[in-house]
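Notes for the structure review
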Amino acid sequence: MRVINFSAGPSSIPIDVLNKAKDELLSYQNLGFSIMEISHRSEIFEKILNSAKKKIKTLYNLGDEFEILFLQGGASLQFAQVPLNLADENVAEYVDSGVWTQKAIKEAQILGINYKVIASSEDKNYSYIPNFKFSDNASYCYICSNNTIYGTQYKNYPSTKAPLVIDASSDLFSKEIDFSNIGLFFGGIQKNGGPSGLCVVIIKKELANRVKNSIPTLLRYKTQIDNNSMSNTPNTFAIYLLDLMLSWIEKNGGLKEIDDKNVKKAKILYECIDDLSSFYQGIAQKEFRSLMNVSFKIFDQNLESIFVQEAFDNNMIGLKGHRIIGGLRASIYNAISLLDVEKLVDFMYKFYKKYK
Ligand code: PMP
């Protein structure tokens with residue numbers, strides 16, 4: 001039996017995707033080998049990689065000025081790879097909205113690039129997205145679109161003249177995006193797009209030309225653009241699973257439909273928290289609430305571990321909040337259905353009645 005998995009990542013993968021992978025695990029398309037066992041240079045694998053790229057291009061409506069890369073090192077390596085490749089003589093501007101941007105800022109500092117943190121929501125424990133305006137002549141402008149730990153999310157992206165860089169790890173493939181303003185967009189796929197171990201980078205190709213000769217070969221976006229993400233051996237199995245996941249998104253109506261579903265899921269969960277506001281408390285300020293990670297507390301904190309245990313007894317896992325802020329968190333990524341969230345809401349009402 002499968003549980004309802006509200007983990008923040010790695011997280012739930014749709015059963016249809018897992019079943020397809022299971023069916024093909026020993027013999028991909030009846031060829032007598034697993035996709036894990038063949039060369040990344042084979043025609044069979046290259047077809048899968050190109051199919052995943054094509055699907056991403058279509059889903060996000062991307063023009064030829066963009067390249068899609070499949071990289072290793074997680075989203076975390078991008079914290080360094082972005083400044084290594086994109087920093088120029090101008091100031092790179094960062095908005096601090098929590099742990100994941102702090103980590104990115106730290107890498108900029110280690111690398112000694114010219115950077116500035118132009119706004120932060122640290123004063124209120126990152127419960128909101130700060131107000132700011134990027135400079136037109138910044139070298140690049142850096143934000144994290146969805147803050148997985150606190151459950152805050154940008155509702156709109158800032159308009160910038162300089163290239164906008166977005167860590168979209170926890171809302172990648174969850175909604176339609178207007179890329180006209182975006183220079184580089186990245187995310188680990190382990191939340192909405194499959195297993196861990198693969199980072200999707202969507203980069204405006206011209207930005208890769210900023211690279212300096214001092215950058216190690218494999219850390220240059222240009223290297224991976226020129227080699228179709230196969231300068232070294234990529235994570236072939238994760239790319240295969242991503243391709244299956246993208247087919248699942250297409251089958252489910254594309255990103256617009258997925259977004260509509262995600263909005264509905266988040267709505268009923270936040271409504272429950274607000275309805276029982278003498279008992280539960282949302283962590284993010286209302287206007288910045290994430291559709292992906294619903295972080296909340298119980299006023300009587302002693303009840304939180306009981307909540308996690310009783311949820312487990314009711315076949316639901318992954319509800320403990322991040323260790324940095326505590327509390328509870330339900331991550332309701334693409335693979336979580338409306339019915340799954342309804343079951344959680346039902347549980348939350350019952351829990352309230354039992355312990356209020
Ligand atoms: N950015 C965000 C917003 C994240 O949520 C995470 C992981 N939870 C990361 C970056 C780091 O991803 P990875 O572990 O793949 O390096």
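Please refer to the structure placed before this passage.
An account of the accompanying structure is given in this report.

1. Some words on the packing of aromatic side chains
For any two aromatic rings, the description comes down to two numbers: the centre-to-centre distance and the angle of the planes. Tallying each qualifying case throughout the model produces 26 aromatic pairs. With centroids separated by 6.4 Å and ring planes inclined at 50°, the aromatic side chains of tyrosine 128 and phenylalanine 288 adopt a geometry described as tilted. On the criterion of sequence distance, the pair formed by tyrosine 128 in the loop between strand E4 (115–120) and strand E5 (141–144) and phenylalanine 288 in the loop between strand E11 (280–282) and strand E12 (293–298) is long-range, its members being 160 residues apart. Both residues of the pair, tyrosine 128 and phenylalanine 288, belong to the buried class. With 5.8 Å between their ring centres and 40° between their planes, phenylalanine 347 and phenylalanine 351 make a pair best called tilted. Here phenylalanine 347 and its partner phenylalanine 351 are both found in helix H9 (residues 338–355), four residues apart, which amounts to about one turn of the helix. Residue phenylalanine 347 is classed as buried on the basis of its relative accessible area of 7%.

2. Points about helix H7 (residues 254–275)
With 22 residues, H7 ought to run about 32 Å at 1.5 Å a step, and its terminal C-alpha atoms sit 32 Å apart, in line with that. Looking at the buried residues of H7, the elements they touch are helix H2 (43–59), helix H6 (236–251), E11, E12, strand E14 (328–331) and H9.

3. Description of a nonpolar patch on the surface
Side chains of Leu25, Leu26 and Met36 sit close together on the surface and give an oily, nonpolar patch of about 320 Å² of accessible area. Looking at the secondary structure, you find leucine 25 in the loop between helix H1 (15–24) and H2.

4. So, unusual backbone geometry
Backbone torsion omega between glycine 9 and proline 10 reads -5°, so that peptide bond is classified as cis. Topologically, proline 10 is positioned in the loop between strand E1 (4–5) and H1. One non-glycine residue, phenylalanine 173, lies in positive phi territory at about 60°. Position of phenylalanine 173 relative to the elements: it lies in the loop between strand E8 (164–167) and strand E9 (182–188). Residues other than glycine seldom take positive phi values, yet asparagine 228 does so here, at roughly 50°. Take asparagine 228: it is sitting in the loop between helix H5 (221–226) and H6.

5. A short note on the side chain of serine 97
When you line up the elements, serine 97 lands in the loop between strand E3 (92–96) and helix H4 (99–111). Note on serine 97: relative accessible area 0%, which makes it buried. A polar contact is formed between the side chain of serine 97 and the side chain of asparagine 147, at a distance of 2.8 Å. In this view, serine 97 contacts Ser121, Tyr126, Ile129, Cys144, Asn147 and Tyr150; residues no more than four positions away in its chain are not counted.

6. A closer look at the pattern of salt bridges
Summed over all chains, the structure comprises 13 salt bridges. Residues arginine 210 and aspartate 88 are paired through a salt bridge, measuring 3.7 Å at the closest nitrogen-oxygen approach. With a gap of 122 residues between them, arginine 210 in the loop between strand E10 (199–204) and H5 and aspartate 88 in the loop between helix H3 (74–86) and E3 connect regions that are remote in the sequence. The class for arginine 210 is partly exposed, based on a relative accessible area of 27%. Owing to a relative accessible area of 26%, aspartate 88 belongs among the partly exposed residues under this scheme. One salt-bridge network, held together by shared partners, links Asp274, Lys286 and Arg289.

7. Some remarks on the environment of serine 127
Tracing the sequence through the fold places serine 127 in the loop between E4 and E5. Take serine 127: its relative accessible area is 9%, and that puts it in the buried class. Once the C-alpha coordinates of serine 127 and tyrosine 150 are considered, the two residues, 23 residues apart in sequence, prove to be 6.3 Å apart. Not counting residues within four places of it along the chain, the set of residues in contact with serine 127 comprises Ser121, Thr152, Ile283, Ala284 and Gln285.

8. Some remarks on the packing of helix H8 (residues 303–313) against H9
Axis separation between H8 and H9 bottoms out at 11 Å; the angle between their running directions is 130°. Relative to H9, the element H8 is oriented oblique. Note that H8 runs across H9; the crossing there is right-handed. On H9, the residues touching Leu303, Ile306, Phe307, Glu310 and Ala311 of H8 are Leu344, Phe347, Met348, Phe351, Lys354 and Tyr355. Among the residues making up the contact of H8 with H9, the classes are represented as nine nonpolar, no polar and two charged.

9. Some details on the sheet that holds E10
Pairing in this open sheet of seven strands is mixed, and the strands run E2-E10-E9-E8-E5-E3-E4 from one edge to the other. Here the strands that pair on one side only, and so sit at the sheet edges, are strand E2 (66–71) and E4. Each strand of the sheet is rotated relative to its neighbour by a mean of 20°, with strand direction disregarded. Pairing geometry for E2 and E10, over six bridges, is antiparallel. Looking at the pairing, phenylalanine 70 lines up with valine 200 of E10. Each of E2 and E10 touches H2; the most contacted strand, E2, lies at about 130° to it.

Basis of the calculations
Residues numbered from 1 in each chain as written. Predicted model: local features only at pLDDT ≥ 70, side-chain atom pairs only at ≥ 80, totals over all residues. Heavy atoms only, no water. Phe/Tyr/Trp six-rings, centres within 6.5 Å; stacked < 30°, edge-to-face > 60°. Helix = DSSP H or I, 4+ residues; strand = E, 2+ residues; numbered from the N terminus. Buried < 20%, exposed > 50% of the residue type's maximum accessible area, 1.4 Å probe, protein only. Expected span 1.5 Å × (residues − 1). Contact = heavy atoms within 4.5 Å. Patch = residues over 30% accessible without salt bridge, like charges linked within 9 Å, V, L, I, M, F, W, Y side chains within 5 Å. Areas by Shrake-Rupley, 256 points an atom, 1.4 Å probe, with all protein chains shown as cover. Salt bridge = Lys/Arg side-chain N within 4 Å of Asp/Glu carboxyl O. Polar contact = N/O pair within 3.5 Å; in protein donor to acceptor, adjacent residues only side chain to side chain. Axes fitted to C-alpha atoms, helices over the stretch in contact; angles between N-to-C directions. Parallel < 35°, antiparallel > 145°, perpendicular 65-115°, else oblique. Left-handed = near helix turned anticlockwise from the far one by under 90°. Nonpolar A, V, L, I, M, F, W, Y, C, P; charged D, E, K, R; others polar. Pairing = 2+ DSSP bridges.

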